[in-house]
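Fold and geometry: a report
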Amino acid sequence: MRTPEDVRAFARTHAMATTAGHARGFMQANLIALPCEYAFDFLLFAQRNPKPCPIVGVLEAGEYTSDLIPGGDVRTDIPVYNIYEDGQLTHTLVDATPFYSPDTISFLIGCSFTFENALLDNGIPLAHIDQGRNVPMYRTTIATTPAGVFSGPMVVSMRPIPASQVSDAVRITSRYPAVHGAPVHVGAPAAIGIEDLSQPDFGDAIDIPAGSIPVFWACGVTPQAIVMNSRPRLAITHAPGKMLVTDIPDREFLIP
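An account of the accompanying structure is given in this report.

The rules behind these values
- Residues numbered from 1 in each chain as written.
- Predicted model: local features only at pLDDT ≥ 70, side-chain atom pairs only at ≥ 80, totals over all residues.
- Heavy atoms only, no water.
- Helix = DSSP H or I, 4+ residues; strand = E, 2+ residues; numbered from the N terminus.
- Rg over C-alpha atoms; globule rule 2.2 N^0.38 Å.
- Buried < 20%, exposed > 50% of the residue type's maximum accessible area, 1.4 Å probe, protein only.
- Contact = heavy atoms within 4.5 Å.
- Areas by Shrake-Rupley, 256 points an atom, 1.4 Å probe, with all protein chains shown as cover.
- Lys, Arg positive; Asp, Glu negative; His and termini not counted.
- Charge placed at Lys NZ, Arg CZ, Asp CG, Glu CD.
- Phe/Tyr/Trp six-rings, centres within 6.5 Å; stacked < 30°, edge-to-face > 60°.
- Lys NZ or Arg CZ within 6 Å of the ring centre and 35° of its normal.
- Core = buried A, V, L, I, M, F, W, Y, C linked by side-chain atoms within 4.5 Å.
- Pairing = 2+ DSSP bridges.
- Patch = residues over 30% accessible without salt bridge, like charges linked within 9 Å, V, L, I, M, F, W, Y side chains within 5 Å.
- Salt bridge = Lys/Arg side-chain N within 4 Å of Asp/Glu carboxyl O.

1. Details of the overall build of the chain
When helices and strands are counted, the chain shows six helices and 11 strands. Relative to a compact globule of 256 residues, whose C-alpha radius of gyration would be 18 Å, the chain shows 17 Å and is just as compact. Its C-alpha atoms give the chain principal-axis dimensions of about 50 × 35 × 35 Å. Looking at the chain as a whole, 56% of its 256 residues qualify as buried. Of the contacts formed within the chain by residues at least 6 apart in sequence, a portion of 79% connects residues at least 24 apart. When the accessible surface of the chain is totalled, it reaches about 10200 Å², and 53% of it is carbon and sulfur. Of the charged side chains in the chain, 16 are positive and 25 negative, and the gap between their average positions amounts to 4 Å.

Right, here's the structure in full:
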């Protein structure tokens, strides 16, 4: 699917495996929606943790659309939603409308899928796309900075990068700070608490090509780990790897 509108329309009725590689050239976003009683605490949490939680949009209470998704609806235009109640994953569904209320505030968070196009354009292969899988994501021992009721571990996404191209991957992604920017760790998964790369906490395990090094970026699934740790009464999120595809070109997030 080539356009953001195509992906959003398809997502309204289909549970896609991942949105990675679709609507190439357009920014993809993570979602967390919360009752308004938690909104300030989460906004402060994101401000204190910009690497895993770079906010690209906030909808006011009761709003379901945004200029990021003209004519779209955050309740229906993501392929799969996760619903957390008191920190427990209670529902996985393709339409989150029943869980929204007039006091629900939606936060859109930058996604590393946005800079994948730049990596591909520079000849850096991405194993999860080549293998038709969701990107693997892991809870780490990297602590986030608490704010209000929210605290917990950082989640990272992992992409194996050919050793000779790791420095290029760091340089390229550092120019996209609004969608996680440069990696937070390279190699040695155990150093950040990841014992087995074949057992991701979210997404799919992937085969690591010979000569590649695991590279880890802060991930917009971090809010879901924070929700599981902090246990707000309700949180509506995207399912990991299944994003909200926006109409905003990737290049608008590129800094010189």
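Alright, that's what it looks like, and here's the rest.
2. Details of the packing of aromatic side chains
Two descriptors summarise a pair of aromatic rings, namely the distance from one centre to the other and the angle between the planes of the rings. Under the criterion given, the structure shown has six aromatic pairs. Between Phe 42 and Phe 107 the ring centres are 5.0 Å apart and the planes differ by 55°, which places this aromatic pair in the tilted class. Note that Phe 42 is positioned in helix H2 (residues 39-48) and Phe 107 in strand E5 (residues 104-110), a separation of 65 residues in sequence. The lysine or arginine in question, Arg 75, covers the ring of Tyr 64, its NZ or CZ lying 3.6 Å from the ring centre. Geometry around Trp 217 places Arg 159 over its ring, the cationic atom sitting 5.3 Å from the centre.

3. Examining the nonpolar core
Burial of nonpolar side chains together is a common tendency in soluble globular proteins. If you look at the biggest cluster of nonpolar residues, it comprises 35 residues, and the most contacted ones within it are Leu 108 and Ile 236. Breaking this core down by element, the ones donating at least two residues are strand E1 (26-35), strand E2 (55-59), strand E3 (81-85), helix H3 (113-121), helix H5 (166-173), strand E9 (212-218) and strand E11 (244-249). The biggest single contributor to this core is E1, with four residues. Leaving out residues up to four positions away in the same chain, Ile 236 has contacts with Leu 31, Ile 32, Ala 33, Tyr 81, Asn 82, Ile 83, Ala 96, Phe 99, Tyr 100 and Thr 104.

4. A short note on the pairing of strand E10 (residues 235-238)
Residues of E10 alternate between two faces, with Ala 235 and Thr 237 on one and Ile 236 and His 238 on the opposite face, all of them buried. The sheet contact formed by E1 and E10 spans two bridges and is antiparallel. From the neighbouring strand, Ala 33 faces E10, where its bridge partner is Ile 236.

5. Remarks on the environment of Ile 161
Following the sequence through the fold, Ile 161 ends up in strand E7 (residues 153-162). Exposure remark for Ile 161: the relative accessible area of 0% places this residue in the buried category. Between the alpha carbons of Ile 161 and Ser 212 there is a distance of 4.9 Å; along the sequence they are 51 residues apart. Not counting chain neighbours up to four residues away, the residues in contact with Ile 161 comprise Ile 124, Pro 125, Val 166, Ala 169, Gly 211, Ser 212, Ile 213, Val 215 and Trp 217.

6. What to know about a nonpolar patch on the surface
The grouping of Leu 43, Ile 55 and Val 58 at the surface amounts to a nonpolar patch, some 220 Å² of accessible area in total. Judged by relative accessible area, Ile 55 falls into the partly exposed class, the value being 31%.

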